[in-house]
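# Close look at the chain arrangement
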Amino acid sequence: KWAIEYGYKPFTGGTTGEVAELKKIAARSGEDGHAYATDEDTRGIDPDPFTNRFDLGDDPVAFAKQRAALVKELLPDVVDRMTDDGDDYVQARRAFNILLSSHGRSMFFAARYVGGLSLSRSHKGDKDAPAPVEVIDPAKQREALKLISEQVFSEEPYMIPPKAYNYMMASKWNHWGTGSSLRPDYPVHEVILMWQDRVLSQLLSSLTLERMHDTELKVPADQDCVTTAELIETLTQSIFRELDDVKAGDYTNRKPAISSPRRNLQRTFLQRMSLLAMGNSFAPQDCQTMAYAELGDLNDKIQKLLTSKVKLDSYTQAHLEESSSRIEKVLDARLTLSRP
């Protein structure tokens, strides 16, 4: 109604009077319900987490929590819900993918809180208008990080009764304009890691880290702020939490100390941290030094577990040995400079 009033309300008094009246209407941008943004503001690289495509409500974290609860309820019975006697199982696989997509996309919305900025197009003098740029509440950023740790960096939200995966059959339909799957079975590890990697890419992107690093100067020192150091430390703790949790037990290759989805996530995280530590990104130099220091601390924990009396399964043992070797190579790597 506000936009229609601006575009179509008739005025008298000529051009000068019309411009003055239009400015009065536009100055109402600070009122509730008058926030404005476009599709061009909804890319993952954009800073405003309140501007998304396909979310519902004014709180993307609350929406992500609601979506996670819904997916958790629907996933276990998706095969029975989507197939009747005489049906094939293609629809079950399609519904399963839709649910995972809904879950992953909502978690991506939550990830945009971290290092996020609330933007306003209001002008100076507009009543009740916020500042053009406001840092997202640190408590809300930490709430988003906690949710991501529970819902993305854990394999539990993706788990359904194991036998159900054997009913996620790929379509056999093949015709002009269609693509055939290389695998008729469901690539569960690939799909889980795909969503984990998307969220991790958002959190550790150079743009996110640059915004967070700049924010440390834009927020007074006596006020709370989520720093890049806190983000890197929090992610490392979450993704490698087994290093603190693994105790002596009866670990086997079927019941490993670190599960296969978690091992995949940890490898991906190490790759990104290595790029940061080596300076092979556009992230701030402080992030480079933090990644370097964090990798050193992480390697100490890995070595402590490997040299402990805990008898690990073959998968976990090999994974930690290989991870330690990679970290040591990064820490010992020489810098190659193009000029003095």
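Shown above is the structure to which this text applies.
A short tour of the structure in this document, coming up. (Residues numbered from 1 in each chain as written. Predicted model: local features only at pLDDT ≥ 70, side-chain atom pairs only at ≥ 80, totals over all residues. Heavy atoms only, no water.)

Before going further, it helps to examine the overall build of the protein. When you go through the protein residue by residue, the secondary structure sums to 13 helices and two strands. Taken along the three principal axes of its C-alpha coordinates, the protein extends 85 × 70 × 40 Å. Out of the 340 residues belonging to the protein, those deemed buried represent 41%. Put simply, the protein shows about 20400 Å² of open surface, and 53% of that area lies on carbon and sulfur atoms. Counting 43 positive and 51 negative side-chain charges, the protein places the averaged centre of each group 3 Å from the other. (Helix = DSSP H or I, 4+ residues; strand = E, 2+ residues; numbered from the N terminus. Buried < 20%, exposed > 50% of the residue type's maximum accessible area, 1.4 Å probe, protein only. Areas by Shrake-Rupley, 256 points an atom, 1.4 Å probe, with all protein chains shown as cover. Lys, Arg positive; Asp, Glu negative; His and termini not counted. Charge placed at Lys NZ, Arg CZ, Asp CG, Glu CD.)

A word on the side chain of S259. Along the polypeptide, S259 turns up in the loop between α10 (242–245) and α11 (260–277). Given a relative accessible area of 17%, S259 falls into the buried group. Here the side chain of S259 touches E155 through a polar contact of 3.0 Å, side chain to side chain. (Polar contact = N/O pair within 3.5 Å; in protein donor to acceptor, adjacent residues only side chain to side chain.)

What follows concerns a negative patch on the surface. Together, D84, D85, D87 and D88 line one region of the surface with negative charge. Along the chain, the position of D87 falls in the loop between α4 (78–82) and α5 (90–111). By relative accessible area, which is 40% here, D87 ends up partly exposed. (Patch = residues over 30% accessible without salt bridge, like charges linked within 9 Å, V, L, I, M, F, W, Y side chains within 5 Å. Salt bridge = Lys/Arg side-chain N within 4 Å of Asp/Glu carboxyl O.)

If you trace the backbone, T234 turns up in helix α9 (residues 228–239). Using a relative accessible area of 31% as the deciding quantity, one classes T234 as partly exposed. Once the C-alpha coordinates of T234 and D87 are considered, the two residues, 147 residues apart in sequence, prove to be 46 Å apart.

Residues Y89, Y167 and M169 make up a contiguous nonpolar surface patch of roughly 260 Å² in combined accessible area. When you line up the elements, M169 lands in the loop between α6 (138–151) and α7 (188–203). The exposure class assigned to M169 is partly exposed, which follows from its relative accessible area of 34%.

The subject of this paragraph is unusual backbone geometry. With a phi close to 80 degrees, F54 is a non-glycine residue in the positive phi region. Among the structural elements, F54 can be located in the loop between α2 (14–26) and α3 (60–74). With phi around 60 degrees, D128 is a residue other than glycine that occupies positive phi space. Within the secondary structure layout, D128 lies in the loop between β1 (117–119) and β2 (133–135). A relative accessible area of 59% means that D128 is categorised as exposed.

Here we come to the packing of aromatic side chains. Applying the stated criterion across every chain, the model contains seven aromatic pairs. An angle of 75 degrees between the planes, with centres 5.7 Å apart, marks the rings of F50 and Y113 as edge-to-face. A residue pair is termed long-range when its members are at least 10 positions apart, and F50 in the loop between α2 and α3 and Y113 in the loop between α5 and β1 qualify at 63 residues. With a centroid separation of 6.4 Å and an interplanar angle of 55 degrees, the aromatic rings of F240 and F269 are classed as tilted. You can see F240 sitting in the loop between α9 and α10 and its partner F269 sitting in helix α11, a full 29 residues away along the chain. A relative accessible area of 2% means that F240 is categorised as buried. The class for F269 is buried, based on a relative accessible area of 1%. A cation over an aromatic ring shows up here: R198 above the ring of W195, its NZ or CZ 4.6 Å from the ring centre. (Phe/Tyr/Trp six-rings, centres within 6.5 Å; stacked < 30°, edge-to-face > 60°. Lys NZ or Arg CZ within 6 Å of the ring centre and 35° of its normal.)

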